[in-house]
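The lines below spell out each chain.
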Amino acid sequence: MKRALRKQLWLLVAVVLLLAAAWWQVRSDRAAAPGALLPFAPDNITRVTLAMGNAPAEHYVKRGEHWWQVDQATPTRADDKRLAELLRIATAPVQSWQPASSYDLAKIGLAPPQAKLELDDEALRFGAMTAIGHNVYVQVGERVGIVSLRYMPRPAQSTSLQVQ
């Protein structure tokens, strides 16, 4: 066997070993990841309720392909993009989970929560920002997760404001 061929074989073996190690690391990282806020796909959600502070709650129901706001005397068609934004919150990646009993819920803004988002029968309660980073506390059942602040629900834009 020539020296050049032997070098190429060793190089090929090294590349295969590196690819195998990278695949194993990615697989291991995915298995150890905390996951998303909710374990189901947002496409299956048909009811959304958003309560922010002392403002009246917003209630939405999906009928066919569109969302309708139903907390008024007559249901009105809601902004589908806004509801898609609210539904994306369900898939927010969680940085870490802790049992709710390990926190003083009042100190992290969860008693009472700053916002409460109900997606079908699952409730997400949003608290204060964390001390470090742009993250927020979210309570799901008996667990508290930390997610990016960009997943904090926002109130609907007022119809009295003119956008220019």
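Above this note sits the structure.
The text that follows walks through the structure, step by step, so that each part is easy to find.

The rules behind each value
- Residues numbered from 1 in each chain as written.
- Predicted model: local features only at pLDDT ≥ 70, side-chain atom pairs only at ≥ 80, totals over all residues.
- Heavy atoms only, no water.
- Pairing = 2+ DSSP bridges.
- Helix = DSSP H or I, 4+ residues; strand = E, 2+ residues; numbered from the N terminus.
- Patch = residues over 30% accessible without salt bridge, like charges linked within 9 Å, V, L, I, M, F, W, Y side chains within 5 Å.
- Areas by Shrake-Rupley, 256 points an atom, 1.4 Å probe, with all protein chains shown as cover.
- Salt bridge = Lys/Arg side-chain N within 4 Å of Asp/Glu carboxyl O.
- Buried < 20%, exposed > 50% of the residue type's maximum accessible area, 1.4 Å probe, protein only.
- Polar contact = N/O pair within 3.5 Å; in protein donor to acceptor, adjacent residues only side chain to side chain.
- Contact = heavy atoms within 4.5 Å.
- Arc of directions from axis to C-beta.

### Considering the sheet that holds strand β1 (residues 47-52)
Item 1. Reading across the sheet, the nine strands line up as β4-β3-β2-β1-β6-β7-β8-β9-β5 and stay open at both edges, with antiparallel pairing between neighbours. Both outer strands of the open sheet, β4 (76-77) and β5 (96-99), are each paired with one neighbouring strand and no more.

### Quick word on a nonpolar patch on the surface
Item 1. The grouping of Met1, Leu5, Leu9, Leu12 and Val16 at the surface amounts to a nonpolar patch, some 500 Å² of accessible area in total.
Item 2. Residue position: Met1 is located in the segment before α1 (3-32).

### Quick word on the side chain of Thr49
Item 1. In this structure, Thr49 sits in strand β1.
Item 2. According to the relative accessible area criterion, Thr49 is buried, its value standing at 17%.
Item 3. Polar contacts involving the side chain of Thr49 include one to the side chain of His59, which spans 3.2 Å.
Item 4. Sequence-distant contacts of Thr49, defined by excluding residues within four places in its chain, comprise Ala57, Glu58, His59, Lys116, Leu117 and Glu118.

### Observations concerning helix α2 (residues 80-88)
Item 1. Every buried residue of α2 is listed here: Arg82, Leu83, Leu86 and Leu87. Down the axis of α2, the buried set is contained in an arc of 140 degrees. They therefore lie on one face.
Item 2. Elements that come into contact with the buried residues of α2 comprise β1, β2 (58-63), β3 (66-69) and β6 (115-119).
Item 3. Where α2 begins, the capping side chain belongs to Asp79, and its oxygen is found 3.1 Å from the backbone nitrogen of Lys81.

### Overview of unusual backbone geometry
Residues other than glycine predominantly adopt negative phi, and peptide bonds predominantly adopt the trans conformation.
Item 1. Omega for the bond connecting Ala111 with Pro112 falls within 30 degrees of zero, at 0 degrees, which places this linkage in the cis form.
Item 2. By secondary structure assignment, the location of Pro112 is in the loop between β5 and β6.
Item 3. We note that Asp120 has phi near 55 degrees; this positive angle belongs to a residue other than glycine.
Item 4. When you line up the elements, Asp120 lands in the loop between β6 and β7 (122-129).

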